[in-house]
Amino acid sequence: MAKPAQGAKYRGSIHDFPGFDPSQDAEALYTAMKGFGSDKEAILELITSRSNRQRQEICQSYKSLYGKDLIADLKYELTGKFERLIVGLMRPLPYCDAKEIKDAISGIGTDEKCLIEILASRTNEQIHQLVAAYKDAYERDLEADVIGDTSGHFQKMLVVLLQGTREEDDVVSEDLVQQDVQDLYEAGELKWGTDEAQFIYILGSRSKQHLRLVFDEYLKTTGKPIEASIRGELSGDFEKLMLAVVKCIRSTPEYFAERLFKAMKGLGTRDNTLIRIMVSRSELDMLDIREIFRTKYEKSLYSMIKNDTSGDYKKALLKLCGGDDDAAGQFFPEAAQVAYQMWELSAVARVELRGTVRPVDNFNPDADAKALRKAMKGLGTDEDTIIDIITHRSNAQRQQIRQIFKSHFGRDLMADLKSEISGDLARLILGLMMPPAHYDAKQLKKAMEGAGTDEKALIEILATRTNAEIRAICKAYKEDYHKSLEDALSSDTSGHFKRILISLATGNREEAGEDRDQAREDAQVAAEILEIADTPSGDKTSLETRFTTILCTRSYPHLRRVFQEFVKMTNYDVEHTIKKEMSGDVRDVFVAIVQSVKNKPLFFADKLYKSMKGAGTDEKTLTRIMVSRSEIDLLNIRREFIEKYDKSLHQAIEGDTSGDFLKALLAVCGGED
């Protein structure tokens, strides 16, 4: 069993088996494989219940007793994914890593993801053991083989990591932190081209403690996380490797939780990745991975494995997982700590919000109006020209074009566009032509007219807009529909949901910072309404009103502090608790507020992903978000999208839409990440 650092708590899921007898286990395995067929249940039960050190002793006893190689016999008796998993468990970890890397660079093509995962995540000691095991197992030099199979800056960083010489001193020099921040900034953001050598040197050699402070200072200095600079300055496998290094510096268990989630989400399972991580982390940090997994993905690792795999393979993986974190119905203390840290990160991040559509230089509204008129005159319509002009002008510039169009031609540009284009393209182009407040007002009107109400659209708009935006929407709604937004909401919604929406529609959210004493009081109210407080007080209606007031009127910085205090007070995360304790539209609007407070661009990235996943596309949601966020934070949304879903927003749009609608969406998207 891997030993934890001195004073550290063991965080693996596999422990030494008490009363261990290697000879008895060897006999049991021999019996399980003797005769016709094999007792797979007995094999998996025994091997997943022993630590790696104990398995090595079983191998030795097996050879002494029967003169046979246990791994060879297991390979002969078992097949497929189950065989790969069991055989992986039987190898010492350095030899398991060596085999994975050998497979990754053997034959045609290279499994770069495997190389990245192993070399970015291992400690100096684990790297040294891996290099020695590779030499022993294959009589080859690992560095030479990696050099022979890779190239460029990707190769250089892999070679640096293979040295296993990362500094391990916890004493950090503040001057060196500042110098490294400046060097990284000058090597990327401030330089024409990129000085990759600086990124390689600093990220490949500095200690984890040092680099965490560098990342914090980099965010404060530049206004963007180091990951955003890496994505903007580097590319290909080198970019992926550097992002993996940064993730492992921040939190190795979180890196593996993300890798496991991506291995199982969507159609098909990446079994090699799943097996490699479950085997390699089972005696290191599986408990931490489980807790972070549950916090980030709102389901336990156990339940995801259970739903995504089958047979003996599933049983063995679940044994390695070591337990279902959903069964208890609450966080472990460590997972609550992770939730607390996520809120802390949300509170300190000062990321510059950036849209993808900006005012065009040398703007000539006269020429644009004429070009649009020409594109719509006569037989047929020149959609390409319409798309090119409208998606590459800011909203303010589009309003100038509308005025010039009317002055020159005595025609309404919006009416002409409506008559010339149709369907999804028309919704997108006409949406871009409207002033933002009038566009949002129209979306709210559409959500409430006719049979049924589109509650999701109401929530998405009212839960995410700033005070100034809400007030502008209310004014536009009154101008366009001769009715107040509050009256419209009152007529079309009811109960507690109506009260929440009307509160949001007043645009009276506080804009001051946090008040720690008030935050503790607010957290107590949240705990009481969500029925997890030790000493509930007050009647339910009064608590509901107070909770609504807190979520709808407190400032974002204050709410972040409330949600941190909530974790400290209850050992729960507020978002997960709302989902568990509430239902229907009230739950959905409160969750939207919490997610918006935590990370608004991520909230929209999730909405965009859901609008395009599965069969069919929700074009209305897709269009609404692309239009409304194009000049606010669509660039940030793109970054959150690729970070969470492992593919770019550009790729998702390409795969899910077509024709002129696709062209226009990609123009608004503003680039491939």
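Look up a bit, the structure's there.
What comes next is a walk through the structure. (Residues numbered from 1 in each chain as written. Predicted model: local features only at pLDDT ≥ 70, side-chain atom pairs only at ≥ 80, totals over all residues. Heavy atoms only, no water.)

1. Some words on the overall build of the protein
In terms of regular secondary structure, the protein is built from 39 helices and 0 strands. Taken against the 2.2 N^0.38 rule, which gives 26 Å for 673 residues, the C-alpha radius of gyration of the protein at 29 Å falls within 12% of a compact globule. By principal-axis analysis of the C-alpha atoms, the protein measures approximately 95 × 65 × 60 Å. Here the protein holds 673 residues, and 52% of them are scored as buried. At a minimum sequence separation of 6, the contacts of the protein that also span at least 24 residues come to 72%. By element, 48% of the accessible surface of the protein is carried by carbon and sulfur atoms, the whole surface being about 30,200 Å². (Helix = DSSP H or I, 4+ residues; strand = E, 2+ residues; numbered from the N terminus. Rg over C-alpha atoms; globule rule 2.2 N^0.38 Å. Buried < 20%, exposed > 50% of the residue type's maximum accessible area, 1.4 Å probe, protein only. Contact = heavy atoms within 4.5 Å. Areas by Shrake-Rupley, 256 points an atom, 1.4 Å probe, with all protein chains shown as cover.)

2. Here we look at the pattern of salt bridges
Inspection of the entire model under this criterion finds 50 salt bridges. Note that Arg11 is salt-bridged to Glu291, the shortest N-O span being 2.9 Å. You can see Arg11 sitting in the segment before α1 (22-33) and its partner Glu291 sitting in helix α17 (residues 286-297), a full 280 residues away along the chain. Pair check on accessibility: Arg11 and Glu291 agree, each one buried. Across the pair Glu117 and Arg276 runs a salt bridge whose closest N-O atoms are separated by 2.9 Å. With a gap of 159 residues between them, Glu117 in helix α7 (residues 112-121) and Arg276 in helix α16 (residues 271-281) connect regions that are remote in the sequence. (Salt bridge = Lys/Arg side-chain N within 4 Å of Asp/Glu carboxyl O.)

3. Considerations on the environment of Ile292
By the secondary structure assignment, Ile292 is in helix α17. Overall, the relative accessible area of 6% leaves Ile292 in the buried class. In this structure the C-alpha to C-alpha distance between Ile292 and Asn272, which are 20 residues apart in sequence, comes to 21 Å.

4. Description of the environment of Glu511
Positionally, Glu511 belongs in the loop between α30 (495-505) and α31 (516-529). In this structure, the C-alpha to C-alpha distance between Glu511 and Thr466, residues 45 residues apart in sequence, is 9.8 Å. Polar contacts involving the side chain of Glu511 include one to the side chain of Asn467, which spans 2.9 Å. (Polar contact = N/O pair within 3.5 Å; in protein donor to acceptor, adjacent residues only side chain to side chain.)

5. Description of the packing of helix α22 (residues 383-391) against helix α25 (residues 423-433)
Two numbers describe how α22 lies on α25: the axes approach to 10 Å, and their chain directions differ by 35 degrees. Remark: the crossing between α22 and α25 carries left-handed chirality. Between α22 and α25, the contacting residues are Glu383, Ile386, Ile387, Ile390 and Thr391 on the first element and Leu425, Ile429, Leu432 and Met433 on the second. Looking at side-chain class alone, the contact of α22 with α25 contains 7 nonpolar, 1 polar and 1 charged residues. (Axes fitted to C-alpha atoms, helices over the stretch in contact; angles between N-to-C directions. Left-handed = near helix turned anticlockwise from the far one by under 90°. Nonpolar A, V, L, I, M, F, W, Y, C, P; charged D, E, K, R; others polar.)

6. Description of the nonpolar core
If you look at the biggest cluster of nonpolar residues, it comprises 103 residues, and the most contacted ones within it are Phe590 and Met626. If we ignore the near neighbours within four places in the chain, the residues touching Met626 are Leu608, Leu634, Leu649, Ile653, Leu665, Val668 and Cys669. (Core = buried A, V, L, I, M, F, W, Y, C linked by side-chain atoms within 4.5 Å.)

7. A short note on the side chain of Asp416
Its location among the elements puts Asp416 in helix α24 (residues 413-420). With a relative accessible area of 9%, Asp416 lands in the buried category. Look past the residues within four positions of Asp416 in its chain and what remains in contact with it is Arg373, Met376, Phe405 and Arg411.

8. Observations concerning the environment of Ala472
Its place among the elements puts Ala472 in helix α28 (residues 467-481). For Ala472 and Ala664, which are 192 residues apart along the polypeptide, the C-alpha to C-alpha distance reads 27 Å.

9. Quick look at the state of the cysteines
Two cysteines whose sulfur atoms are joined by a covalent bond form what is called a disulfide. This structure, assessed with the given rule, holds 0 disulfides. With no disulfide partner, Cys96 has as its closest neighbouring cysteine sulfur the one in Cys114, 9.9 Å distant. (Disulfide = S-S within 2.5 Å.)

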